[in-house]
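Chain residues, written in single-letter form:
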Amino acid sequence: MTVSAMDSGKTLNRREALIRLLGVAGVGAGTAGLGIWLNARSERPETALAISAKRGHTVAANPSLPDIAIVQGEDPTLLARHAMDEMGGIRRFIGRGDIVLVKPNIGWDRTPEQAANTNPEVVAEIVRQSLDAGAKKVIVTDVSCNEPRRCFQRSGIAEAAQRAGAEVILPDPSKFKEVDLGGEVLRVWPVFEPFLNVDKVVNVPIAKHHALTGCTLGMKNWYGMLGGQRNQLHQKIHESLVDLADFVRPTLTVTDCYRILLRNGPTGGNLEDVLLKKTLVASTDPVAIDTYVAKSIWNLEVDELPYLKLAAKRGLGTFEFEKLRTQVKQLS
Amino acid sequence: MRLPKPTRLRLWSQIFFFVLFLFLLLRTEFRGSFSSSQAEIHLPYPVAIFFQIDPLIGVSNALASHALYRGLLWSLIILIPTLFLGRFFCGWICPLGSIHHFFSSWKSERKRGKQLLESNRYKRWQTTKYYLLVVILIAAVFGSGIVGWLDPFSFLVRSVGLSALPSTNYALQASLGWLEHSRFVVIQNLGGVLHFILGAVLLNFKQPYFRQGVWIGLAFIFVILLNFRITRFWCRALCPLGALLGIVSRWSVLGLVKNPEHCNDCNRCLLRCQGGDDPIGGVLWHRPECHLCMNCVDECPENGLRFQLFPVQKVAEANLQRRKVLTGLAAGAALLPVMRSTPGFAAERYERLLRPPGSVDEEFFLSRCVRCGECMKVCPNNALQPALTEAGLEGLWTPVLVPRLGYCETSCVLCSQVCPTGAIWEITPKEKGWAVENSAAVKPLRLGTAFYDRGRCLPWAMATDCIVCEEWCPTSPKAVYLRPAEVIDAAGNVKQVKQPYLDPSRCVGCGACEHACPVQDRPAVYVTSVGESRSRSNQILLNRRKG
């Protein structure tokens, strides 16, 4: 009601009064409607629902080609090239138009000589070969432990992979999705988005000493796709390793044994802890390759790494690597 | 060709230095590179350069350390021209001054017509800054770097770097997230493009958090709001750098000359006066208050004002009262003993006072640190935080490493590279000595020592495997070592676990173990300052003594 209307002592006429009443009634009805609608929406707030993601990236088995290739030589690039050739060529794994994710270990703020991260030349060669095989895009990424920008730069992997034509992706904290891993101990975890919905996954771990299990190999590398409180995983390390490996089921595993961190892993730092082995091992069987590397470098038996038998039981591969078709090549 | 108007030149100069300041502050961050594998990391820009040209920081550093730290000699390029020209720095260069200038030019209820003219006349309270300067410099003589509470660059870097920019990042990330999760693809794409552009210039890789960011930000906002009452209140009444330059301008040969014959008392010269230095006719011009903004010359319709070399007109100098100067001296002299008469400094040091790597011993640290926050801004792990009372009252806003928020990255020395005053002495990764390429005869810097809380540690208290601390320990050989143990769980089953121990002779106090500990709220391993290599007294082991 305007002040002037009150002051002048006039009253509204019927038409004006009716319009005003209708207006007020409209606002009242609107408020009530909105209230009822909001009331009906009320639910206990829950964090975003987990999405289901593509599981498994394996290619069909080929009985005429080897399951494991072991290559020794001086040049990491050549090792990677020959390892692929021994396995039957990269085209066995990567098809035209594939989106490929190459997962090195870029976990620590260390240089290549310190052998805490995968050899950058090996990563670069796998990127190049995948692109040659017609891959549409090759992604190189990892969720580092130390500060990621330092890890990506100082490991030499970002530069080498980008030069080879890969799309290098830093683990942007805003780009994780809650995913149901469907494991026995690991259910809903935040997974870094690039790991979801790619066609092929190549695991390129580095073999290192680790105090909890004796050594850290291929399957442990999958910690690097998770965000969240992954420092809890050690509490059931064997079960969580199998859950992760079961979720990813990589196309190929290429284990970097060029420089081996023998002590004080997985961080290392001291060059006295590093042994030059100048070896690269590739396999389609993630269980067999871990078993072989554990045995050949640390002389660890299957029973000392319980996750191997758990993984075999889950159908991820075999720990009887001796029974597989193995190709060994010595580059002069 | 006609020269542009002096006020126009001044505006461009202000914009240039403000943009430069903001650019350098935004680049006070290691952003990483995909096209270089350079192992030793340096910032590509001299980000602390504004501190190095700040004569107040230079004078305070000289008084406190009887020397001038790296680069502070550059402050002469401001100090010496000020001797000849006066406070040109305040009007033409100072980015904080430019911010105040900008906000002062906004219309406000309290500053219009007569009130505005009146508020721009010289006021006695403008001498406050000189007394503050006295207190600060005397405190510096006695060994306290509290100059940084009020030094304009410390104030600005701290406010913008620890509060304004992190808040901006939060707001932008939230808005971008909103766009990117829109149900319309067009808006999602728009969000993606904006994210890419903003990511290149402004956004942080990870949201930074700073303790007390709210209070530091509110202090900044408060100082800005004062401009709506009195133009550039900070510069006129509070800024100790302005006071120092005002005193130095006593010998200046450039002066404002008023021509009384031309003056028709229109008072227009007061309209946009920045310093409150009385350019009007009939009274003396207050030289130490003038910022040489040239607005009065520009405004005068009769061309009755001009700046001239070797003017013969009498001017007013800083009108200090002996009694107040003496009070300032006494206050400055008393400040330190009073603040240090609590046990915190010498007798009962706060156990969590972890200083950045390279820091000098606490006594020297407190005298050099200017609380600017450069180290906190540059820390890639957001580990350095402004102290509240951890270092005593005088240690307010000095840097403290908080491992729960972030540990000290093994090969990183960026905080020591940006520190303008040598509170964090410049070191190389090799001198830090945490990931050296051979272990022989390297003495690493130590920030403290880690300890286990066995009542909270999983293998000790809960019969559960863990040892994440050992995994993260960056030294080689590792300071965390393991012993196999048989433990009995709640159901009575015997289990084999590895229990962590700490070797204090190897621990560098980086806090990686504390940061990585899965006991999320109060970790089962934590770092305290004992054993820090900068201190001779704060030690445990006989064989780890310094020198």
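All chains use their own residue numbering, which begins from 1 and follows the written sequence. Lettering for chains starts from A, numbering for ligands starts from 1, and both go in the order in which the items are written. Reporting of local features is limited, given that this is a predicted model, to residues whose pLDDT is at least 70; pairs of side-chain atoms are given and counted only at 80 or more, and all residues count toward the totals for whole chains, interfaces and linings.

## Quick word on the overall build of chain A
For step 1, the next point in the chain: Here a helix means four or more residues in a row that DSSP labels H or I, a strand means two or more in a row labelled E, and each is numbered from the N terminus. Helices and strands together make up the secondary structure of chain A, namely 9 helices and 12 strands.
For step 2, the next point in the chain: Across the 332 residues in chain A, those meeting the buried criterion constitute 52%.
For step 3, the next point in the chain: We call two residues in contact when their backbone-placed C-beta atoms lie within 7 Å. The contacts of chain A with a sequence gap of at least 6 include a subset with a gap of at least 24, amounting to 76%. Counts of 20 or more other C-beta atoms within 10 Å of a residue's own C-beta define buried residues, counts of 12 or fewer define exposed ones, and intermediate counts define partly exposed ones; C-beta atoms are placed from the backbone.

## What to know about the overall build of chain B
For step 1, the next point in the chain: Counting its secondary structure elements, chain B contains 24 helices and 10 strands.
For step 2, the next point in the chain: Projecting the C-alpha coordinates of chain B onto the three principal axes gives extents of approximately 100 × 65 × 40 Å.
For step 3, the next point in the chain: When each of the 547 residues of chain B is scored for burial, the buried share is 47%.
For step 4, the next point in the chain: The contacts of chain B with a sequence gap of at least 6 include a subset with a gap of at least 24, amounting to 74%.

## Details of the interface of chain B and chain A
For step 1, the next point in the chain: With 44 residues of chain B at the interface, the matching set in chain A holds 35 residues.
For step 2, the next point in the chain: Listed by contribution, the elements that provide at least two residues to the side of chain B that touches chain A are α10 (152-180) and α23 (468-472) of chain B.
For step 3, the next point in the chain: No other element matches α23(B), which puts 4 residues into the side of chain B that touches chain A.
For step 4, the next point in the chain: Taken together, the residues of the side of chain B that touches chain A break down into 19 nonpolar, 16 polar and 9 charged. Only Asp, Glu, Lys and Arg are considered charged in this grouping, and only Ala, Val, Leu, Ile, Met, Phe, Trp, Tyr, Cys and Pro are considered nonpolar; every other residue, Gly among them, is considered polar.

## Here we look at the environment of B:Cys507
All names here are of chain B.
For step 1, the next point in the chain: Position of Cys507 relative to the elements: it lies in the loop between β9 (494-502) and α24 (512-516).
For step 2, the next point in the chain: Measuring from C-alpha to C-alpha, the distance between Cys507 and Ser75 comes to 40 Å, with 432 residues separating the pair along the chain.
For step 3, the next point in the chain: When near neighbours in sequence (up to four residues on either side) are disregarded, Cys507 contacts Thr449, Ala450, Ala479 and Leu502.

## Quick notes on unusual backbone geometry
Glycine aside, residues mostly have negative phi, and peptide bonds are mostly found in the trans state.
For step 1, the next point in the chain: Going from A:Gly265 to A:Pro266, the amide bond is cis rather than trans, its omega being 0°.
For step 2, the next point in the chain: Structurally, A:Pro266 is set in the loop between β10 (252-261) and β11 (274-283).
For step 3, the next point in the chain: Following B:Ser476, the chain continues into B:Pro477 via a peptide bond in cis, with omega recorded as 5°.
For step 4, the next point in the chain: In this structure, B:Pro477 sits in the loop between α23 and β8 (480-488).

## Side note on the pairing of strand β1 (residues 68-72) of chain A
All names here are of chain A.
For step 1, the next point in the chain: Buried residues dominate β1, accounting for 4 of its 5 residues.
For step 2, the next point in the chain: Pairing between strands is defined by DSSP: at least two bridges between them are needed. In this sheet, β11 lies alongside β1 in antiparallel orientation, the contact comprising 5 bridges. By the bridge assignment, Ala69 is partnered in β11 with Ala282.

## Some thoughts on helix α8 (residues 128-141) of chain B
Residue and element names in this part refer to chain B.
For step 1, the next point in the chain: Between its terminal C-alpha atoms α8 stretches 20 Å, which fits the 20 Å expected from 14 residues at 1.5 Å a residue.
For step 2, the next point in the chain: Of all 14 residues in α8, 12 are buried, a share of seventy percent or more.
For step 3, the next point in the chain: Burial in α8 covers these residues: Lys129, Tyr130, Tyr131, Leu132, Leu133, Val134, Val135, Ile136, Leu137, Ile138, Ala139 and Ala140.
For step 4, the next point in the chain: Residues of α8 that are buried make contact with α3 (55-65), α9 (147-150), α13 (233-238), α14 (240-248) and α17 (322-340).
For step 5, the next point in the chain: Looking at the residues trailing α8, positive phi occurs at Gly143, about 100°. Expected helix span is computed as 1.5 Å times (number of residues minus one).

## What about the packing of helix α8 (residues 286-298) of chain A against helix α9 (residues 306-313) of chain A?
All names here are of chain A.
For step 1, the next point in the chain: All axes are obtained by fitting lines to C-alpha atoms, using only the stretch in contact for helices, and the reported angles, taken between N-to-C directions, cover 0 to 180 degrees. One way to put it is that α8 packs onto α9 with a least axis distance of 10 Å and a crossing angle of 160°. Regarding the angle of α8 to α9, the classification is roughly antiparallel. Seen along the crossing, α8 lies across α9 with a hand that is left-handed. Together, Val287, Asp290 and Thr291 of α8 and Leu308, Ala311 and Ala312 of α9 make up the contact between the two elements. With respect to orientation, any angle under 35 degrees is reported as roughly parallel, any angle over 145 as roughly antiparallel, any angle of 65 to 115 as roughly perpendicular, and every other angle as oblique. Helix crossings fall into two classes, left-handed where the near helix is turned counterclockwise from the far one by less than a right angle and right-handed where it is turned clockwise.

## Considering α9(A)
Residues and elements named next belong to chain A.
For step 1, the next point in the chain: Of the residues making up α9, those classed as buried are Tyr307, Leu308 and Ala311. For α9, the buried positions fall inside an angular range of 105° around the axis, keeping them on one side.
For step 2, the next point in the chain: Tucked into the core, α9 has its buried residues touching α7 (237-248) and α8.
For step 3, the next point in the chain: Positioned one or two residues after α9, Gly315 has a phi angle of 85°, which is positive. The arc in question is the one traced by the directions running from the helix axis out to the C-beta atoms.

## Remarks on the nonpolar core
For step 1, the next point in the chain: The term nonpolar core refers to a set of buried Ala, Val, Leu, Ile, Met, Phe, Trp, Tyr and Cys residues connected through C-beta atoms within 7 Å. Counting 224 residues, the largest nonpolar core has A:Val102, A:Val123, A:Ala161 and A:Leu280 as the members making the most contacts within it.
For step 2, the next point in the chain: Top contributing element to this core by residue count: α8(B), with 11 residues.
For step 3, the next point in the chain: Among residues more than four places away in sequence, those in contact with A:Ala161 are A:Val123, A:Ala124, A:Val127, A:Val140, A:Ala166 and A:Val168.

## Concerning the domain arrangement of chain A
Reports often express the size of an interface as the amount of accessible area lost when the parts come together.
For step 1, the next point in the chain: Segment limits for the domains were obtained from an automatic or database-derived domain assignment. The domains assigned to chain A are domain 1 (13-41) and domain 2 (68-330).
For step 2, the next point in the chain: Between the C-alpha centres of domain 1 of chain A and domain 2 of chain A there is a distance of 65 Å.

## Some details on the packing of α3(B) against α8(B)
Residues and elements named next belong to chain B.
For step 1, the next point in the chain: Between α3 and α8, the least distance of the axes is 7 Å, while the angle of their chain directions is 35°. Only Ile136, Leu137, Ala140 and Val141 of α8 make contact with α3, whose side of the interface consists of Val59, Ser60, Leu63 and Ala64.
For step 2, the next point in the chain: The class makeup of the residues in the contact of α3 with α8 is 7 nonpolar, 1 polar and no charged.

## Some words on the domain arrangement of chain B
Residues and elements named next belong to chain B.
For step 1, the next point in the chain: In terms of domains, chain B is made up of domain 1 (160-210), domain 2 (362-428) and domain 3 (446-544).
For step 2, the next point in the chain: Once you take the C-alpha centre of each, domain 1 and domain 2 turn out to be 27 Å apart.
For step 3, the next point in the chain: On the side of domain 2, 7 residues touch domain 1, which itself brings 6 residues to the contact.
For step 4, the next point in the chain: Residue composition of the side of domain 1 that touches domain 2, by class: 4 nonpolar, 1 polar and 1 charged.

## Side note on the environment of A:Asn13
All names here are of chain A.
For step 1, the next point in the chain: Mapping Asn13 onto the fold places it in the loop between α1 (3-7) and α2 (14-41).
For step 2, the next point in the chain: A residue is classified by how many C-beta atoms lie within 10 Å of it, and Asn13, with 8 of them, is exposed.
For step 3, the next point in the chain: Asn13 sits 266 residues away from Thr279 along the chain, and the two C-alpha atoms are 98 Å apart.

## Points about the environment of B:Phe34
For step 1, the next point in the chain: Within the secondary structure, B:Phe34 is located in the loop between α1 (6-26) and α2 (49-52).
For step 2, the next point in the chain: By C-beta crowding, B:Phe34 is classed as buried, having 21 other C-beta atoms within 10 Å.
For step 3, the next point in the chain: Note: C-alpha distance between B:Phe34 and B:Ala512 (478 residues apart in sequence) is 26 Å.
For step 4, the next point in the chain: Not counting chain neighbours up to four residues away, the residues in contact with B:Phe34 comprise A:Ala158, A:Glu159, A:Gln162 and A:Val168.

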